[in-house]
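Spelled out, the chains give:
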Amino acid sequence: MIQTRQAVEYGITSLTREKASPKRVLQIRRKHWLIETGLHYRREVTFREDATRMTKGTAARILATVHNVVLALIKQAGHLDRVFALLASGHLRL
């Protein structure tokens, strides 16, 4: 069974009507959701990143970077076991 849903969004922009046509606003929103449902989503599902409280200094940025590296390794290796083999081999190329 396929489920779909529909939502209405309201927003405010500082762009002029010439710069923010309905088509352009839709492009901006879609681009935002591509980011949210892409890497951010994978980091949240894999590492529950949104639940962390890493807010001191650059901790959040460092944590996100580490998570990105781990996800890139998993993508390259295809499986977590192979990630550890890549790390241990010293022949890591991203």
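Residues take numbers from 1 onward in each chain, read along the sequence in its written order. Residue-level local features of this predicted model are given only where pLDDT is at least 70; pairs of side-chain atoms are given and counted only at 80 or more, and the full residue set underlies all totals for whole chains, interfaces and linings. As a convention, hydrogens and water are excluded, and side-chain values are obtained from all of the structure's heavy atoms.

## A word on the side chain of His-67
Condition: Labels follow the DSSP assignment, with helices taken as runs of H or I lasting at least four residues and strands as runs of E lasting at least two, numbered in each case from the N terminus. Whether a residue is buried, partly exposed or exposed follows from its accessible area with a 1.4 Å probe, protein chains only, as a fraction of its type maximum: under 20%, in between, or over 50%, in that order.
By secondary structure assignment, the location of His-67 is in helix H2 (residues 59-77). The exposure class of His-67 is buried, given its relative accessible area of 8%.

## Overview of a nonpolar patch on the surface
Filter applied, for reference: Within the patch definition used here, like charges are joined within 9 Å and nonpolar side chains (Val, Leu, Ile, Met, Phe, Trp, Tyr) within 5 Å, considering only residues with over 30% relative accessible area and no salt bridge. Under the convention used here, a 1.4 Å probe and the Shrake-Rupley method define accessible areas, while residue burial counts only the protein chains that appear. Whenever Lys or Arg places a side-chain nitrogen within 4 Å of a carboxyl oxygen from Asp or Glu, that contact is recorded as a salt bridge.
Taken together, the side chains of Leu-80, Phe-84 and Leu-87 make up a nonpolar region of the molecular surface, amounting to roughly 300 Å² of accessible area. Within the secondary structure layout, Phe-84 lies in helix H3 (residues 80-89).

## Focus: the confidence of the model for the protein chain
Put simply, the rule reads: Per residue, pLDDT captures the predictor's confidence, and it can take any value from 0 to 100.
On average, residues of the protein chain score 79 in pLDDT, and 94% of them are at 70 or above. Mean pLDDT in the protein chain bottoms out at H3, which sits at 74, and peaks at H2, which reaches 83.

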